[in-house]
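Examining the three-dimensional arrangement
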Amino acid sequence: QVQLVESGGGLVQAGGSLRLSCAASGNIFSMYGMGWYRQAPGKQREWVAGITVGGIRNYRDSVKGRFSIFRDSPNNRVYLQMDSLKPEDTAVYYCSVNAVWGKGTLVTVSS
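Just so it is clear, the model here is predicted, and its values are computed rather than measured. (Residues numbered from 1 in each chain as written. Predicted model: local features only at pLDDT ≥ 70, side-chain atom pairs only at ≥ 80, totals over all residues. Heavy atoms only, no water.)

Looking at the packing of aromatic side chains
Here is the rule: For Phe, Tyr and Trp, rings pair up if their centres lie within 6.5 Å, where Trp contributes its six-membered ring, and each pair is then called stacked (planes under 30 degrees apart), edge-to-face (over 60) or tilted (otherwise). Each helix is a run of DSSP H or I of at least 4 residues and each strand a run of E of at least 2, with the numbering of both proceeding from the N terminus. Whether a residue is buried, partly exposed or exposed follows from its accessible area with a 1.4 Å probe, protein chains only, as a fraction of its type maximum: under 20%, in between, or over 50%, in that order. Placement of a charge over a ring requires the Lys NZ or Arg CZ to be within 6 Å of the ring centre, with the centre-to-atom vector within 35 degrees of the ring normal.
Within this structure, the stated rule accounts for two aromatic pairs. Ring geometry for Tyr37 versus Trp101: centroids 4.8 Å apart, planes at 55 degrees, classification tilted. Taken together, the residues Tyr37 in strand β4 (residues 34-39) and Trp101 in strand β10 (residues 100-101) connect sequence positions 64 residues apart. For Tyr37, a relative accessible area of 22% corresponds to the partly exposed category. Residue classification places Trp101 among the partly exposed residues on the basis of a relative accessible area of 32%. Here the aromatic rings of Phe70 and Tyr79 are separated by 5.0 Å at their centres, their planes lie at 20 degrees, and the arrangement is stacked. In this structure, Arg45 packs its charged tip against the face of Tyr37, placed 5.3 Å from the ring centre.

So, in structure tokens, the structure goes:
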């Protein structure tokens, strides 16, 4: 079955950058769109960014201009480049493809 593994999270100061990676065990990124989601402590999970099969990218308003989603389909990998990080970006970040979810990677942004 398809499995997703996120990596790249960590602790950074406000204004810093991180690049998250989502690796898939199967060749699925060429067939399905992909999304990044996050869940902050005590809050509901929210959608962050997505990329369609056709390569159309969308972002929630709060991360536009700061986050970028891109993919490397031949290597079954999708990334989320996060720049100008803010404390409110602190959350566990998940990737999802065709209703399959990874375990998440923690991003902590300090002041």
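Concerning the pattern of salt bridges
Rule in force here: Whenever a carboxyl oxygen of Asp or Glu lies within 4 Å of a side-chain nitrogen of Lys or Arg, that contact is scored as a salt bridge.
As enumerated under the stated definition, the model contains five salt bridges in all. Across the salt bridge formed by Glu46 and Arg38, the nearest N and O atoms sit 2.7 Å from each other. Connected via shared salt-bridge partners are Arg38, Glu46, Arg60, Arg66 and Asp89.

Regarding the pairing of strand β1 (residues 4-7)
Within a regular strand, the side chains alternate between the two sheet faces. Selection criterion: If DSSP finds at least two bridges between two strands, the strands pair.
Residue alternation in β1 divides its side chains into a buried set, Leu4 and Glu6, and an unburied set, Val5 and Ser7. Pairing analysis gives four bridges linking β1 to strand β3 (residues 18-24), with the strands arranged antiparallel. Bridge pairing in β3 links Glu6 to Cys22.

Overview of the sheet that holds strand β8 (residues 77-82)
Sheets are built from strands that pair by backbone hydrogen bonding, the pairs being arranged parallel or antiparallel. Operational definition: As a rule, the C-alpha atoms of each element are fitted with a line to give its axis, helices using only the stretch in contact, and angles between N-to-C directions run from 0 to 180 degrees.
With respect to topology, four strands assemble into an open sheet ordered β1-β3-β8-β7, the strand pairing being antiparallel. Two strands lie at the open edges of the sheet, namely β1 and β7 (67-72), each paired on one side alone. Between one strand and the next, the sheet's axes are offset by a mean angle of 15 degrees, whatever the strand orientation.

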